[in-house]
Amino acid sequence: MTKKIAIAGAGFAGIVIARELALSGKYSITIYEARDHIAGNCHTSRDARSGVMIHHYGPHIFHTSRDDVWRYVQSFGEFGPYTNRVKAVTERGVFTLPVNLLTINQFFGKRFTPAQARAFVESMGDRSITEPQNFEEQAVKFLGQELYRTFFYGYTKKQWGVEPTQLPASILQRLPIRFNYDDNYYNSTYQGIPVDGYTAIAEKMIDHPAIEVRLGQRLKPEMREDYDHVFFSGPMDEYFHYRLGRLRYRSLIFERFEAEGDYQGNAVINYCQEEVPYTRISEHKHFTPWEEHEHTVCFREYSKLTEPDDVPYYPLRLAEDKALLADYLHLAEAEKGVSFIGRLGTYRYLDMHVVIGESLDLARRCVDSALEEWPTFSNAPL
Ligand code: UDP
């Protein structure tokens, strides 16, 4: 007899597991999705007027260095070639990100070679910081005050709502610093954007007779009794009815506007100054450079602390959140028959490709083992 599995959330964390379990032939899977669409925060659809593919919860650029993950996503749809090249508007002009040789040469009015630029930036870094304890120290150690203040301080304060000294150094480590002219935002081996959008990919993933999706329905922890195992990709604290308090997130607000032609000449432009209230503007037709559209649709992106009715995006993970997280982890470990997955389920700042990779690994592990051995987490959240 097939075992009954419930999954909370039809984002990639949940549907990759659904697909892999369904393929094993041993499970029937019900996915509960509170919203009226699948694909979670990766949801895309074409704008009726312009035909532009809209990323409804902010731009998602797929990139990974895992061969299996790249092959996997491509097996559900074609990916068009796309390289994320971000521009930054600062008080000193417009520059290319991540910080690279062109940024350095233009910013300082120099003609450095890679070796000269490296030596110059190193000479500006604060060598008294040996083990950076936070975002600011990490940045100042490697870049010095001038680059840090111009490109990172204001943006980070707006994005996270706190002084960068309160944030972990790991957030900055997401961004490379380069001493050549490579302005690719990511270091990943593979990068692309699905030609028919992420929701089309998600639809293909759940297209299996053993998978049922219930839109507009929330999996309640009490329903756990009806299933042999539950995968929960909603906020971990929600699962426990916020019994110990709320884990904090940053949320995003998107201010949509339209124009004719080309509004900003690039998919993503960051606004690094503290006085500009938004963090970035994305112009979605530039994510599909192989398409042509006369009309254009853009979004100004604002960041705020998540309130109960907001969509959570970025786990804040400050010291007090981590202390609370540690308490929730105890509750989670004691909860039998439930695995917590994805960005919200594990309260980590994970990109799509990491979520998909983790879910693939977890599903393969589950298919190969008895249900009683399925882990609470695929990776340690703290
Ligand atoms: N960041 C910054 N200035 C920028 C871009 C990024 O200070 O112009 C910092 C900021 O703290 C941000 C982090 O780097 O949260 C990671 O940036 P990334 O672009 O990876 O963020 P995401 O696209 O996930 O929002």
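We now turn to the structure provided with this report. (Residues numbered from 1 in each chain as written. Predicted model: local features only at pLDDT ≥ 70, side-chain atom pairs only at ≥ 80, totals over all residues. Heavy atoms only, no water.)

## Quick look at the overall build of the chain
In step 1: Along the chain, the regular secondary structure elements total 10 helices and 17 strands.
In step 2: Viewed in the frame of its principal axes, the chain has a C-alpha envelope of about 70 × 50 × 35 Å.
In step 3: Across the 382 residues of the chain, 58% fall into the buried class.
In step 4: Long-range contacts, defined here as pairs at least 24 residues apart, represent 72% of the contacts in the chain between residues at least 6 apart.
In step 5: Accessible surface computed for the chain: about 16,900 Å², of which carbon and sulfur atoms make up 48%.
In step 6: Seen as two clouds, the 43 positive and the 52 negative side-chain charges of the chain have centres 3 Å apart. (Helix = DSSP H or I, 4+ residues; strand = E, 2+ residues; numbered from the N terminus. Buried < 20%, exposed > 50% of the residue type's maximum accessible area, 1.4 Å probe, protein only. Contact = heavy atoms within 4.5 Å. Areas by Shrake-Rupley, 256 points an atom, 1.4 Å probe, with all protein chains shown as cover. Lys, Arg positive; Asp, Glu negative; His and termini not counted. Charge placed at Lys NZ, Arg CZ, Asp CG, Glu CD.)

## With respect to the site of the ligand
In step 1: The full set close to the ligand counts 17 residues, and Thr156, Trp160, Tyr185, Tyr314 and Tyr349 are the nearest of them.
In step 2: Residue Phe152 places a main-chain N or O atom 3.3 Å away from an oxygen atom belonging to the ligand.
In step 3: The contact in question runs from an oxygen atom of the ligand to an N or O atom on the side chain of Tyr314, over 2.5 Å.
In step 4: Bound to the protein, the ligand loses 94% of the 530 Å² it would expose on its own.
In step 5: With seven residues, the top contributor of residues to the shell around the ligand is helix H5 (residues 135-160).
In step 6: Among the residues forming the shell around the ligand, the class breakdown is 12 nonpolar, three polar and two charged. (Near = heavy atom within 4 Å. Polar contact = N/O pair within 3.5 Å; in protein donor to acceptor, adjacent residues only side chain to side chain. Nonpolar A, V, L, I, M, F, W, Y, C, P; charged D, E, K, R; others polar.)

## Describing the pairing of strand S14 (residues 280-283)
In step 1: On S14, burial covers both faces: Arg280 and Ser282 on one face and Ile281 and Glu283 on the other are all buried.
In step 2: Bridge count between strand S13 (residues 268-271) and S14: three bridges; the pairing is antiparallel. Within S14, the residue paired with Asn270 across the bridge is Arg280.
In step 3: The sheet contact formed by S14 and strand S15 (residues 295-305) spans four bridges and is antiparallel. The partner of Ile281 across the bridge, within S15, is Arg300. (Pairing = 2+ DSSP bridges.)

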